[in-house]
Amino acid sequence: MMRIISLAALVLFLCVGMGLVGLVMSEGLNGITWEFLSTEPTRMGRSGGIGPMLIGTLWVNGLASLLVAFFGYPLALDLWIRRSHRTPKAERPASFLLTLLAGTPSIVYGLVGHSLFCRALGLGYSSLAGALTLSVMLLPGFVAQIVASLEELPQNMFVAATSLGIGLHKQATHLILPCLWPSLLTALMASWTRAMGETAALMLTSGYNSRWPESPWDSMRTLPVHIYELSMNVAGGEAVALRSATVLILSTTLIGAMMPAFGRIVMSWRSRRNARDSLDREKRFEFHSIS
Amino acid sequence: MNSDLDKIFRGCLRSCTFIVTLIALLGFVHVVKEAWPALVSKDLWATWLSSQWLPREGQFGILAMVASSLAAAALGVAIAIPMSWCIAIAMIFYLTPKMKRVSALCLEIIASVPTVLLGLFGSVWFVPLWAGDNPGYGLGPAACVLSIMLIPQLSLASLEIIVLDLDGFRQTAATLAIRTHVFIRRVLWPAKRHSLFQVARMSAARALGETLALMMVTGNVIAWPQGFDTPIRTLNATIALEMPYAQDAHRGSLFFLGLVTLTLVWLCHGLSRKGR
C-alpha cells in the first residue's frame, strides 16, 4: 500500500511539474526567433520582441552579481576567520543578521529597496536601485556557500603557511582564492539563477520601463516583470508571455546545468596547470643538478 | 611590514562586514520608520482589527488579508508536506538508482522554475479548472500553485534527512527481518519526524513570503476566504499592487503590512530553528 501511494505521488507530481515546463515550452518555442530576442516590444508588448528586457535582466543581474562578489568574498572570509579564531562574540551579530536576511521575503526587500535606495538615496526607479536590492537579497546565500567551502579546505595548509611567515593577505590572495575559484563561480551562478527569477523586489525598485536601457540610472523592465505585466495587465499578451517564459526557463536551466560542468572544467584546468607547474619545477631542478 | 599589511587587510575585511551590517540595519530601520505613523495612530486597534481596507477613506483593516495569506499558505503546505514525504520515500525505497537520478533531476528542473512562471501556469491552466459560477480565482488555484512551488525543495530536503544514517537503521531492520513499510512507520518516522517537521515549517515561511505566483491566481479582491473559488488578496499582493501610487498614511500602512509579513515569516523560521 505504501509503495503504491508513494509511487503514485511521485508520478503525479512529476507529470504535473514536467507537464508545466513542457506546456510552456511547446507553446512558447514556436515564436522564438532572433528578431523576437533583439527588438523592442510594440503594442504594449502584444507584438515585437523582448530585447530591452533581456538587456535589462543582464544589466541588473550583472551589477548585482558584481556587488555580491565584491562584498560577499571579504564578508565570508571575515566570518570564517572569526569562527576559526574562536571569537563567537565577534562573529555572532553578523551571522545572526545574515540568518535574518536569508529568511526575509522578497517583497520586504522590495520595500527596503524602494524606501532606502529609490527614495532616500535618490536613485529613483533604476537598474542600480534594483541591483543594490538584489545584491542584499543574494548576499546571505552566497556568503553561506563560501563559508562552507572555506571550512572544507584543509586547515593544515593555513598552519603551514602561517609557520612560514606568510601573511593573511597573501594567504587570502595566493592560497585561498585559487582553491576557492570553483566554489566562487558556482556560488555566483547560483545567485545569478535566483536573480533571474526575481520579480517582486524588482517591481518596486527597477520599475517597468520597456525601452532600451542606456545607463544604470535608467528604469528598466526585467524579463520576469515583463511576463507578469503581459499576463496580468495586457489583454491578449499571453502568447508573448509564454514565449518570454520559454526564454526564461531555457536560460535558468542552462545556467543550472552549466554550474557543475563549469566547476569540473575549472578544476581540471587547475589540476592540468598544477601538473605542468610541478613538471617545470622538476625540469628546472634536474637542470640545476646537472649544471 | 607583513604584519602591517595584515592589519590593513583585516581592517578592510572588518569594514566590509560593517558596511553590509549597516546597510541591512538601515533597511530594517527604514521599514520601521516608514511604518511608524501607522503604528502610533490613535485608533490603531479599531483600524487594524477590521477587514475594511479602503485607503481613500482612511480605513486600513488588515484582518481579511492576514486570514487570506495564512489560509493560502496553510493549504499549500498541507498539500505539499505529505506529497513531499511520499516522493522522498518512493525515491529512497522503491526506485532503482537510475530512476532515482532521473527523478532527482526532474525535481531540480521544477525547483528552478521561477515563481512568476508558476503564476502564469496557474492563471492559464489552473484557474479555468476551478471556474464555474465564479471566474475561478481564489484559494484553490493558490494552494495548487504554492504546493508545486514547495514540493521539489521539500522533497529533496526530506530525502537528505531520511538518507542520513539510513544504513545503520536498515542493517538493524534487516537483522530483525522487518518489512519496508513497518520499518518506515515504526523506525524511520519516530527517528526523523522532528527534522522533517522543521523543514516543513521552513517551507511554510517560504509560502507566506510568496508574492507574484499568488497575485496571479487569487483574483486580488480583499475579502475573507470563503471557499476555494472565491477571490482573495494576500498581504504581499497588496504591497506589490498599491506601493507604486501610495502616499502618506496609505504608504505607512503598506510598510506596516510589510512588518506583519516579516513577523509571520520570521516566526515560522524561528519555530523551525527552535527544535535544532
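Note that the coordinates shown come from a computational prediction; the quantities given were computed from them, not determined experimentally.

## Here we look at the side chain of B:Thr17
Summarising the element assignment, B:Thr17 is placed in helix α1 (residues 2-39). Of the residues examined, B:Thr17 reaches a relative accessible area of 4% and is grouped as buried. Each residue touching B:Thr17, except ones within four places of it in the same chain, is listed here: A:Leu75, A:Asp78 and A:Ala94.

## Considering the nonpolar core
Judged by nonpolar contacts, the single largest core of 171 residues is most densely connected at A:Leu77, A:Ile146, A:Ile176, B:Ile62, B:Phe93 and B:Leu117. The leading source of residues in this core is helix α3 (residues 63-94) of chain B, at 18 residues. Each residue touching B:Ile62, except ones within four places of it in the same chain, is listed here: B:Trp48, B:Ser50, B:Trp53, B:Phe256, B:Leu257 and B:Val260.

## Describing helix α4 (residues 97-111) of chain B
All names here are of chain B. Here α4 spans 21 Å end to end across 15 residues, near enough to the 21 Å set by a 1.5 Å rise per residue. Taken together, the buried positions of α4 are occupied by Ser 103, Ala 104, Cys 106, Leu 107 and Ile 110. In a view along the axis of α4, the buried residues occupy a sector of 160 degrees, so they form one face of it. Opposite the buried face of α4, at more than 90 degrees from it, the exposed residues are Pro 97, Lys 98 and Arg 101.

## Observations regarding the packing of helix α1 (residues 2-28) of chain A against helix α6 (residues 139-163) of chain B
Closest axis-to-axis distance for the α1(A)/α6(B) pair is 11 Å, and the angle between their directions is 110 degrees. With respect to their mutual orientation, α1(A) and α6(B) come out roughly perpendicular. For the pair α1(A) and α6(B), the sense of crossing is left-handed. Mapping the contact onto sequence places A:Phe13, A:Val16 and A:Leu20 in α1(A) and B:Ile148, B:Ile151 and B:Pro152 in α6(B). When the residues that make up the contact of α1(A) with α6(B) are grouped by side-chain class, the tally is 6 nonpolar, no polar and no charged.

## Regarding the packing of aromatic side chains
Tallied over the full model, the rule gives 12 aromatic pairs over all chains. Seen in terms of ring centroids, A:Phe70 and A:Phe71 are 5.3 Å apart; in terms of plane orientation they differ by 90 degrees. Their pairing is edge-to-face. Look at A:Phe70 and you get exposed, because its relative accessible area is 60%. With 5.4 Å between their ring centres and 80 degrees between their planes, B:Phe121 and B:Phe126 make a pair best called edge-to-face. Taking the relative accessible area as the measure of exposure, B:Phe121 reaches 7% and is therefore buried. A relative accessible area of 13% places B:Phe126 in the buried class.

What counts, and where the lines are drawn
Residues numbered from 1 in each chain as written. Chains lettered and ligands numbered in written order. Predicted model: local features only at pLDDT ≥ 70, side-chain atom pairs only at ≥ 80, totals over all residues. Heavy atoms only, no water. Helix = DSSP H or I, 4+ residues; strand = E, 2+ residues; numbered from the N terminus. Buried < 20%, exposed > 50% of the residue type's maximum accessible area, 1.4 Å probe, protein only. Contact = heavy atoms within 4.5 Å. Core = buried A, V, L, I, M, F, W, Y, C linked by side-chain atoms within 4.5 Å. Expected span 1.5 Å × (residues − 1). Arc of directions from axis to C-beta. Axes fitted to C-alpha atoms, helices over the stretch in contact; angles between N-to-C directions. Parallel < 35°, antiparallel > 145°, perpendicular 65-115°, else oblique. Left-handed = near helix turned anticlockwise from the far one by under 90°. Nonpolar A, V, L, I, M, F, W, Y, C, P; charged D, E, K, R; others polar. Phe/Tyr/Trp six-rings, centres within 6.5 Å; stacked < 30°, edge-to-face > 60°.

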